[in-house]
Amino acid sequence: MGILQLDPHASLAFQKKTIQRSSPRISWKGRSYSKVSVYILTQLGVSLSTDNLDAYRTSRAPMPFCFVKFNNCAGNKGVRYETNSLDFKVRADGTMYAVHQVQMASKQLILMVTAWDPQTLGRWEAIVRFLVGEKLQHNGHKPKGRKSGPVDLAQQQSDTLLPWRQHQSAKGLRRQKRDWVIPPINVPENSRGPFPQQLVRIRSDKDKEIHIRYSITGVGADQPPMEVFSIDPVSGRMYVTRPMDREERASYHLRAHAVDMNGNKVENPIDLYIYVIDMNDNRPEFINQVYNGSVDEGSKPGTYVMTVTANDADDSTTANGMVRYRIVTQTPQSPSQNMFTINSETGDIVTVAAGLDREKVQQYMVIVQATDMEGNLNYGLSNTATAIITVTDVNDNPPEFTTSTYSGEVPENRVEVVVANLTVMDRDQPHSPNWNAIYRIISGDPSGHFTIRTDPVTNEGMVTVVKAVDYEMNRAFMLTVMVSNQAPLASGIQMSFQSTAGVTISVTDVNEAPYFPTNHKLIRLEEGVPTGTVLTTFSAVDPDRFMQQAVRYSKLSDPANWLNINATNGQITTAAVLDRESDYIKNNVYEATFLAADNGIPPASGTGTLQIYLIDINDNAPELLPKEAQICEKPNLNVINITAADADIDPNVGPFVFELPSVPSAVRKNWTITRLNGDYAQLSLRIMYLEAGVYDVPIIVTDSGNPPLYNTSIIKVKVCPCDENGDCTTIGAVAAAGLGTGAIIAILICIIILLTMVLLFVVWMKRREKERHTKQLLIDPEDDVRDNILKYDEEGGGEEDQDYDLSQLQQPETMDHVLNKAPGVRRVDERPIGAEPQYPIRPVIPHPGDIGDFINEGLRAADNDPTAPPYDSLLVFDYEGSGSTAGSVSSLNSSSSGDQDYDYLNDWGPRFKKLADMYGGGEED
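Model, not experiment: these values are computed from the prediction.

### Structural notes on the overall build of the protein chain
Line of reasoning, step 1. Secondary structure assignment for the protein chain yields seven helices and 55 strands.
Line of reasoning, step 2. A buried classification covers 36% of the 925 residues belonging to the protein chain.
Line of reasoning, step 3. Taking all contacts inside the protein chain whose residues are at least 6 apart in sequence as the whole, residues at least 24 apart take part in 65%.
Line of reasoning, step 4. Taken as a whole, the protein chain presents about 55,400 Å² of accessible surface, with 52% of it coming from carbon and sulfur.

In structure tokens form, the structure reads like this:
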């Protein structure tokens, strides 16, 4: 029979949320039938009794197999029990039983038993674990050495767990493999110690024979986090070394090892499961501190608004992590202090009362509290968040005009003018479809002169003229307008009577320009009418019937200046003869523009166009074409095709009649005309041969007008010798032009002479260019303009690079000392007295090869000439007088005691390096 022994010093408590650790001692001998062994960990105020009932793997309800009892300080009157399983229940007297037949599929069963007091609403919990073991039983006989009565637990109490055991048979002790499920070890989190705190003792029954060393491995022992658990290697007592945090890690899986002093394995490793029992040490935390939601105004009760969510890091399967929600406050509390409610489990916020009106309250601020321990405010931890609920607008307010009538005024003939502004009031949310106004004209404008546009900023209606109005036709308009919203009205909302209004628009008269009723006006007449002929009356009409005004006429455009207009009545007369063939005529039409102006204030004017279609008359004689032609000197080889051109149009043009005049008689003797058709004829030779030359042949051309007109035209005909193809030869063409052989020869000679002169000019230019390149390089200095480097003067070096007497700079008062001084002692700026060396003479016509020799010889002569300037690098440029107090410039000195900083001289480049060295480094020296 299996026996479970409990450690009274390590127990489990029936108390709110906290479950303490356990250290049971289990010893089994032999095999048995299925027996449910119940162990429950107790603490002060809790007692447990077991009746040592036999239960089989298939339990039969309602057989009791466990008894629990709860005691508190005030007694246990009215305490009720319940479990978290539907298969097991606890009666009021603490008897636990299975309510129906239960299959025990696993080797352990874990139940949570809750004791709660209906009066104080206090709740206490404890975990009950059932271990399913086996017992060998033959023919109903019990094993020897065991009593069948209840086991005295007080005599079996110990804190030792024997996971390894020996089985004794008739032949002595032997090892036996068993499948044990070591019950988990429960450790509460946040324990205050003292630490290390013992959890359980593990020992092998071989420790009486050999020395055994115990160890544990796994996460929390030799794996991170390290050394959370430790074990005494000699005694096998396992400890927890620090407070546990279930939210950091909820369970640990360790393995216990037993080895001898040489490290040899004595027992197989066993698994130890350590569960961290949750405590309510974490407040619920909202995902957001501020939640934003919205709900339509006028929503019915029960309308979903939003969901708030809070998470609790504690165990969600226990009351420690079971969060409940409630609304703490609502601001504002209008129209009711409880406009919203919240589902305590899901956090869904819904409306609970009617009366949401955005026009009264646009936003609600709701403080939501989340509490664990299933919402118990006495024991649970709480946190709060803010839910901002915006009441969204619906179109429950129709727009209304602020007044029933509006008025405006518009000048006639004006468009895109705002006549009146219509103001409306809408209590819905501004600049939304529920607020934006749409205006319509219901009546009073059948012709569509007006439209109403909405100002997007002010929502006002702007009555605008889109079609010009005429004062002479309508002096006033009475409009009826209606306003609505872009969005339709909400269900059940009717349009207001104030959504319609009247608009009175007055039209003001303005001075309108006169206009020509027929514009463009077209008249037809023959060309060539005499000057002063009255063509038509082109008059304008003044639309201002209610104004007494006079209209005056004038010409605006008359390209040919052919017309006149009467200023008072608009009568048109000719000022010149109208010619259809003029360049001002386009497609037989002449256009003129006239201006009609009234005398109003301000004056107005209009224009009209008169189109005159000119009918053609036969006033232009035909002209012969072509004007020139050529023909062979012998007939029957070629002919000349002739035609005529007439500026008139049909019927005053062809067919044309071509004929030769009778005078002079040689024309008809030498030439003949053959008619081809109404527009063409052929001119040819009548005689067999005509000498080459140019002949003027007159031809009479007559048109078909009524009356017909004729014209005698001259055609120049070149008669020339022709080749076998009938084409004039070159010589023949020249001969035909009237040039003889002598003239042709003279022309050719002139051409040859001209070409010779051009060739000679080109040769002369090339030779001149060649002479320029071979010209002598050394010329007279007065003529030499190639010298670009001119010497003006030299000042010589500074004082430090020469050793000379500064007294020589003084201007002598007399020249005696110069004339009387010994030879060889002279001023350095005086020309030495001596014979001048001979310089080489430049040849008159130098050869290019001698230029270098000449320059080198002149250079050597100048170097050896003591009289050649400059005589020295020291020159006198000015005379300051005798006894100058200035002295030498070398006596100038700069005081180093000043504060002047000359370091900037180093930045001026190499030319100022000397000054920088002299003055810039004073402090360093």
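### Comments concerning the pairing of strand 52 (residues 671-675)
Line of reasoning, step 1. Inspection of the sheet shows strand 52 paired to strand 53 (residues 680-685) by five bridges, in the antiparallel sense. Residue pairing across strands places threonine 672 opposite serine 684, the latter belonging to strand 53.
Line of reasoning, step 2. The antiparallel pairing of strand 52 with strand 53 creates a hairpin that spans four residues between the two strands.

### Considering the side chain of aspartate 426
Line of reasoning, step 1. With respect to the helices, strands and loops of the structure, aspartate 426 is situated in the loop between strand 35 (424-425) and strand 36 (437-443).
Line of reasoning, step 2. A polar contact of 3.0 Å, which involves the side chain of aspartate 426, links it to the backbone nitrogen of aspartate 428.
Line of reasoning, step 3. A polar side-chain atom of aspartate 426 sits 2.9 Å from a polar atom in the side chain of asparagine 485.
Line of reasoning, step 4. The contacts of aspartate 426, once residues within four sequence positions are left out, are Asn397, Pro398, Pro399, Asn434, Trp435 and Asn485.

### What about the state of the cysteines?
Line of reasoning, step 1. One pass over the structure, following the stated rule, counts one disulfide.
Line of reasoning, step 2. For cysteine 632, the disulfide goes to cysteine 722, at an S-S distance of 1.7 Å. Residues cysteine 632 and cysteine 722 share a disulfide whose torsion about the S-S bond is about -105°; that sign makes it left-handed. Residue cysteine 632 is found in strand 49 (residues 628-632), and its partner cysteine 722 is found in the loop between strand 55 (710-720) and helix 3 (730-736); the two are separated by 90 residues along the sequence.
Line of reasoning, step 3. The buried category is assigned to cysteine 632, whose relative accessible area is 1%.
Line of reasoning, step 4. Take cysteine 722: its relative accessible area is 22%, and that puts it in the partly exposed class.

### Focus: the nonpolar core
Line of reasoning, step 1. In this structure, Phe229, Met238 and Ile274 are the most contacted members of the largest nonpolar core, which totals 26 residues.
Line of reasoning, step 2. Going through the elements one at a time, strand 16 (185-188), strand 17 (197-204), strand 18 (212-218), strand 19 (229-231), strand 20 (237-240), strand 21 (251-260) and strand 22 (265-277) are the ones with two or more residues in this core.
Line of reasoning, step 3. Setting aside its immediate chain neighbours within four residues, methionine 238 contacts Ile185, Gln197, Gln198, Leu199, Val200, Ile216, Ser230, Ile231, Leu254, Leu272 and Ile274.
Line of reasoning, step 4. Core analysis: the next-biggest nonpolar cluster, separate from the first, contains 24 residues, Val308, Ala310, Ala353 and Leu356 among them.

### Remarks on the sheet that holds strand 18
Line of reasoning, step 1. Across the sheet, which stays open at both edges, the four strands sit in the order 16-22-21-18 with mixed pairing between neighbours. Edge strands, defined here as strands with exactly one partner in the open sheet, are strand 16 and strand 18. Neighbour-to-neighbour, the strand axes of the sheet open up by a mean angle of 30°, direction not taken into account.

### Here's the deal with the sheet that holds strand 40 (residues 500-508)
Line of reasoning, step 1. The four strands are arranged 33-40-39-36 in an open sheet whose pairing can be described as mixed. Each edge of the open sheet is held by one strand with a lone partner, namely strand 33 (405-411) and strand 36. Between one strand axis and the next, the sheet turns through 30° on average, direction left out of account.
Line of reasoning, step 2. Inspection of the sheet shows strand 39 (residues 476-485) paired to strand 40 by seven bridges, in the antiparallel sense. Its bridge partner lying in strand 40, methionine 482 is registered against threonine 500.

### Quick notes on the pattern of salt bridges
Two side chains of opposite charge can pair, provided their charged atoms sit close to one another.
Line of reasoning, step 1. Within this structure, the stated rule accounts for 13 salt bridges.
Line of reasoning, step 2. The salt bridge partner of aspartate 207 is arginine 203, with a shortest N-O separation of 2.9 Å.
Line of reasoning, step 3. On the basis of relative accessible area, arginine 203 is assigned to the buried category, the value being 15%.
Line of reasoning, step 4. Put simply, glutamate 247 and arginine 246 hold a salt bridge, and the shortest N to O gap is 3.4 Å.
Line of reasoning, step 5. Connected through salt bridges with shared partners, the residues Arg246, Glu247 and Asp278 form a single ionic network.

### Looking at the environment of glutamate 591
Line of reasoning, step 1. Residue position: glutamate 591 is located in strand 46 (residues 589-598).
Line of reasoning, step 2. On the accessibility criterion, glutamate 591 (40% relative accessible area) is partly exposed.
Line of reasoning, step 3. It is 8.4 Å that separates the C-alpha atoms of glutamate 591 and serine 557, two residues lying 34 residues apart in sequence.
Line of reasoning, step 4. Those residues in contact with glutamate 591 that lie beyond four places of it in its chain are Pro559, Thr609, Leu610 and Gln611.

### Focus: unusual backbone geometry
Line of reasoning, step 1. Residue proline 335 follows serine 334 across a cis peptide bond; omega there is -5°.
Line of reasoning, step 2. For proline 335, the position within the fold is in the loop between strand 27 (324-331) and strand 28 (340-342).
Line of reasoning, step 3. Residue histidine 520 follows asparagine 519 across a cis peptide bond; omega there is 15°.
Line of reasoning, step 4. The topology assignment puts histidine 520 in the loop between strand 40 and strand 41 (521-526).
Line of reasoning, step 5. A positive phi angle, close to 60°, is found at glutamate 374, a residue other than glycine.

### Some words on the packing of aromatic side chains
Line of reasoning, step 1. Counting across every chain of the model gives 13 aromatic pairs.
Line of reasoning, step 2. Summarising the aromatic geometry, the rings of phenylalanine 229 and tyrosine 252 are spaced 5.0 Å apart at their centres and angled 75° between planes, so their arrangement reads as edge-to-face. Taken together, the residues span a long stretch of sequence, with phenylalanine 229 in strand 19 and tyrosine 252 in strand 21 at a distance of 23 residues.
Line of reasoning, step 3. Its relative accessible area of 7% is what places tyrosine 252 among the buried residues.
Line of reasoning, step 4. What links up through ring pairs into an aromatic cluster is the set Phe516, Phe538, Tyr553 and Phe594.
Line of reasoning, step 5. For arginine 249, the ring lying beneath its charged end belongs to tyrosine 252, and the centroid distance is 5.3 Å.

### Focus on helix 6 (residues 851-863)
Line of reasoning, step 1. Here helix 6 contains 13 residues, and its C-alpha end-to-end distance of 19 Å stays within 8% of the 18 Å for a straight helix at 1.5 Å per residue.
Line of reasoning, step 2. Taken together, the buried positions of helix 6 are occupied by Ile851, Phe854 and Ala861. Buried residues of helix 6 fall within an arc of 95° about the axis and therefore sit on the same side. With respect to the buried face of helix 6, the exposed residues turned more than 90 degrees away are Leu859 and Asp863.

What counts, and where the lines are drawn
Residues numbered from 1 in each chain as written. Predicted model: local features only at pLDDT ≥ 70, side-chain atom pairs only at ≥ 80, totals over all residues. Heavy atoms only, no water. Helix = DSSP H or I, 4+ residues; strand = E, 2+ residues; numbered from the N terminus. Buried < 20%, exposed > 50% of the residue type's maximum accessible area, 1.4 Å probe, protein only. Contact = heavy atoms within 4.5 Å. Areas by Shrake-Rupley, 256 points an atom, 1.4 Å probe, with all protein chains shown as cover. Pairing = 2+ DSSP bridges. Polar contact = N/O pair within 3.5 Å; in protein donor to acceptor, adjacent residues only side chain to side chain. Disulfide = S-S within 2.5 Å. Core = buried A, V, L, I, M, F, W, Y, C linked by side-chain atoms within 4.5 Å. Axes fitted to C-alpha atoms, helices over the stretch in contact; angles between N-to-C directions. Salt bridge = Lys/Arg side-chain N within 4 Å of Asp/Glu carboxyl O. Phe/Tyr/Trp six-rings, centres within 6.5 Å; stacked < 30°, edge-to-face > 60°. Lys NZ or Arg CZ within 6 Å of the ring centre and 35° of its normal. Expected span 1.5 Å × (residues − 1). Arc of directions from axis to C-beta.

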